[in-house]
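# Coordinate analysis (summary)
Given next are the chains, with one letter for each unit.
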Amino acid sequence: MVRLMKIKKIILLFAIFVAFGNSVFAAADYEASIRRAQYLLNGTFPTNAELQEKSANESAYRSSVDKLLDHPNFYDVMLRYHEKLLGVGLNEEYVDELKSESIDQHAQKIATIACERTTGANARFRCGWASDQSKSKVGGCSAAQELPSRAFWYPGVTAWVCPTVLSTCGSDLSRCFINYSDQNAAKSSELGSTEIFDSSIAISKSLSKQSAGIAASVVIGGYPYTKILEPGLTAVDGAIAHLYKQTQHFDLAKMSIPDRIKNIVNQNAFNHTRFQLVYVGSANAYEHGGVLSSFGYLRRYEKNRTRANQLYQRLLCRQFTAELPRVFPQDPGNLRTTPGCMGCHATLDPLSDFFKVWGEGGGLYDGHGAKVDTTFAGKSGSTVSDLANIIRNDNAFGTCAVDKAWTWLMGRQFYMSEANLRAAFTSYFVTTNYNFKELIYSIATHPAFIEGRRGNALVTEALVEPPLGEPPGGEQAATCQSGLSYATHIAPKISICTGCHSTGNSTGLRALDTEQAWSTYGRTAVGLMASGNMPPGQAGPPLIGPVYELKEAVRCWKEQNP
């Protein structure tokens, strides 16, 4: 999605009114702001020369924030941000679990080799089957039969292997797991001691943060943030592609998956650490819900209630709380109706039912379970796909995303007195089609950030959790009447804007006093009016009145005259 460059200056000028009404502001501190922004968004600090350049004035600061969002380091920042947001962390044992014979009664489903540098007449760097117990670990064929291959984990190293190893593991051995006999051997220049060499550790880590990889790739790609919950969407990096290449476990020819995924798997080098978005299609993806159905999320949160509870906290910013009765019954029975329990479980348990199709714990490998008809936030469904669509079409999802981004950048939650500010950010987030980069930009260039108000981490009156069940934007788009004209339906209403936006004004804002100007900048103006940023002084998105009427007239006029 193209960054919304033209409206940024206007947003910054109006943000003061949206945020704090008539409050008195401290002087902008661009030096401190650029230090914080660059560290938070890129993980680096500016040099003295850069600091002087980037903090010279408001324009230089905003331009610098823009560049930080397009810097390669921003991907790593977004990956770490979403690792924390979604929760990650799988033990190495989960890879062993994937290899377990009990899953599908097939042993040795992931080929593993071991390598060492031999000595003697045929001294060379050799790799052989790790499971070959009857011979040396690099044995299996004579030296004359061995063939050269390129070791994927250390460019420039030639590994000599038997024909069976080459055919199974590929020309660079990237289709097999690599073992080493001891830590000392792994410290040599050829074996290395990196996670890339120890492929089982790398795969475990990639699986654990796959959900974060989906979200980070959505943000970097400029896609709507709601896409992190899109059914059928996942992400693959080199390590996960490495897992899929294990033909002893996965037969890609029989898996009925799109050619694009096969190409990504086959072309992805093991040390390609960035996740790539992969769309598996929605025809057979009823059980998929983007980040909610990634292996790392489902396996880390093993119980359906835990999955539901984590979702409730992490994506909707809500908590399950209840007061237990003084005397808790030994057998509480149906928790959805038991006093002291029903306050949470009447919502938690139906929410958890959406995950039943996957199974709990190791039951993930048993195949898809039966669907269960259930409800959440007043909407019905039966699968993770249904749940994902319910969440991303609820205003609480966008509000929570704003909450989390604000807390990360500002170091504190919203105050109760900042309800209008959160509403304005949320409306703007929705208006920009959930562009997460634009959301971060709007916070990082807001007076609260620039004036150094970030430090107060203790919020005694934090803003309440966002309500569920409201559509994004807080309103449904009204039906447009046909035959709208600029002269009749728009020109008589523009006086609420031309006080600031007129030809020859001294504000530096775009002139909006001609039909051509509204034709060019009408969509931008609609977005600003819808988010409460235009005209200045709006108390949140307009629902009635002159601003609302002008917004709707321009919106419909532009739809009819694109």
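Residues numbered from 1 in each chain as written. Predicted model: local features only at pLDDT ≥ 70, side-chain atom pairs only at ≥ 80, totals over all residues. Heavy atoms only, no water.

What follows concerns the overall build of the protein chain. Along its length, the protein chain carries 25 helices and nine strands. Burial status across the protein chain gives 50% buried among its 562 residues. A separation threshold of at least 6 residues defines the contact pool for the protein chain, and within that pool the share at least 24 residues apart is 68%. Of the roughly 25,700 Å² of accessible surface on the protein chain, a fraction of 50% belongs to carbon and sulfur atoms. (Helix = DSSP H or I, 4+ residues; strand = E, 2+ residues; numbered from the N terminus. Buried < 20%, exposed > 50% of the residue type's maximum accessible area, 1.4 Å probe, protein only. Contact = heavy atoms within 4.5 Å. Areas by Shrake-Rupley, 256 points an atom, 1.4 Å probe, with all protein chains shown as cover.)

When pLDDT is low, close inspection of the predicted coordinates is not appropriate. In the predicted model, the protein chain carries a mean pLDDT of 76, and the fraction of residues at 70 or more is 69%. The secondary structure element of the protein chain with the lowest average pLDDT is helix 1 (residues 8-20), at 42, and the one with the highest is helix 11 (residues 210-220), at 94. Across residues 5-26, confidence stays below pLDDT 50; counting only partners more than four residues off in sequence or on other chains, it has 50 contacts. When the criterion is pLDDT under 50, residues 133-137 qualifies, and its contacts beyond four places in sequence or with other chains add up to seven contacts. (pLDDT = per-residue confidence, 0-100.)

Here helix 19 (residues 419-431) is 13 residues long and its end C-alpha atoms lie 18 Å apart, about the 18 Å a rise of 1.5 Å per residue gives. Of the residues flanking the end of helix 19, it is Asn433, one or two places downstream, whose phi is positive at about 60°. (Expected span 1.5 Å × (residues − 1).)

We now examine the nonpolar core. Core analysis: the largest hydrophobic core is formed by 91 residues, its most contacted members being Met78, Tyr225, Leu292 and Phe436. With nine residues, helix 18 (residues 395-410) is the largest single contributor of residues to this core. In contact with Leu292, other than residues within four places in its own chain, are Leu229, Tyr297, Leu298, Leu311, Leu315, Phe355, Val384, Leu387, Ala388 and Ile391. (Core = buried A, V, L, I, M, F, W, Y, C linked by side-chain atoms within 4.5 Å.)

As a further point, take the pattern of salt bridges. Considering all chains together, one arrives at 14 salt bridges under this definition. With its nearest N and O atoms 3.0 Å apart, the salt bridge here joins Arg305 to Asp349. With Arg305 in helix 15 (residues 304-314) and Asp349 in helix 16 (residues 342-353), this residue pair connects regions lying 44 residues apart in the sequence. Under the relative-accessibility criterion, Arg305 is labelled partly exposed at 38%. For Asp349, a relative accessible area of 5% gives the class buried. Note that Arg412 is salt-bridged to Glu418, the shortest N-O span being 2.9 Å. In this pair, the class of Arg412 matches that of Glu418, namely buried. Linked through salt bridges whose partners overlap, the residues forming this network are Lys551, Glu552, Arg555 and Glu559. (Salt bridge = Lys/Arg side-chain N within 4 Å of Asp/Glu carboxyl O.)

Throughout the structure, instances matching the rule amount to three disulfides. Two residues, Cys115 and Cys127, share a disulfide whose sulfurs are 2.0 Å apart. With the S-S bond torsion at 110°, the cross-link from Cys115 to Cys127 turns out right-handed. Of this pair, Cys115 sits in strand 1 (residues 112-117) while Cys127 sits in strand 2 (residues 125-129), and the two are twelve residues apart along the sequence. An identical accessibility class is assigned to Cys115 and Cys127; each is buried. Here Cys317 pairs with Cys400 through a disulfide, and the sulfurs are 2.0 Å apart. Between Cys317 and Cys400, the disulfide has an S-S torsion of 80° and is therefore right-handed. Here Cys317, found in the loop between helix 15 and helix 16, pairs with Cys400, found in helix 18; they are 83 residues apart in sequence, far enough to count as distant. Classification of Cys317 by relative accessible area gives buried; the value is 17%. (Disulfide = S-S within 2.5 Å.)

This next bit is on helix 17 (residues 384-392). Note: α-helices contain 3.6 residues per turn, so residues at a spacing of three or four share the same orientation. The element helix 17 is extensively covered by neighbouring structure, given that seven of its nine residues are classed as buried. Those residues of helix 17 lying buried are Val384, Ser385, Leu387, Ala388, Ile390, Ile391 and Arg392.

Bringing the environment of Phe355 into the picture now. With respect to the element layout, Phe355 can be found in the loop between helix 16 and strand 8 (374-376). Those residues in contact with Phe355 that sit more than four places away from it in its chain are Leu292, Tyr297, Leu298, Asn304, Arg307, Ala308, Leu311, Val384 and Leu387.

Let us now look at the side chain of Gln38. Within the fold, Gln38 resides in helix 2 (residues 30-42). Judged by its relative accessible area of 5%, Gln38 falls in the buried class. Residue contacts for Gln38: discarding those within four places in its chain leaves Gly43, Thr44, Phe45, Pro46, Glu50, Lys54 and Leu68.

This part takes up the packing of helix 2 against helix 4 (residues 58-69). In contact at an axis separation of 10 Å, helix 2 and helix 4 are set at 5° when each is read in the N-to-C sense. For the element pair helix 2 / helix 4, the angle class is roughly parallel. Of the residues in helix 4, those touching helix 2 at Tyr30, Ser33, Ile34, Ala37, Gln38, Leu41 and Asn42 are Glu58, Tyr61, Ser64, Val65, Leu68 and Leu69. Taken together, the residues of the contact of helix 2 with helix 4 sort by class into eight nonpolar, four polar and one charged. (Axes fitted to C-alpha atoms, helices over the stretch in contact; angles between N-to-C directions. Parallel < 35°, antiparallel > 145°, perpendicular 65-115°, else oblique. Nonpolar A, V, L, I, M, F, W, Y, C, P; charged D, E, K, R; others polar.)

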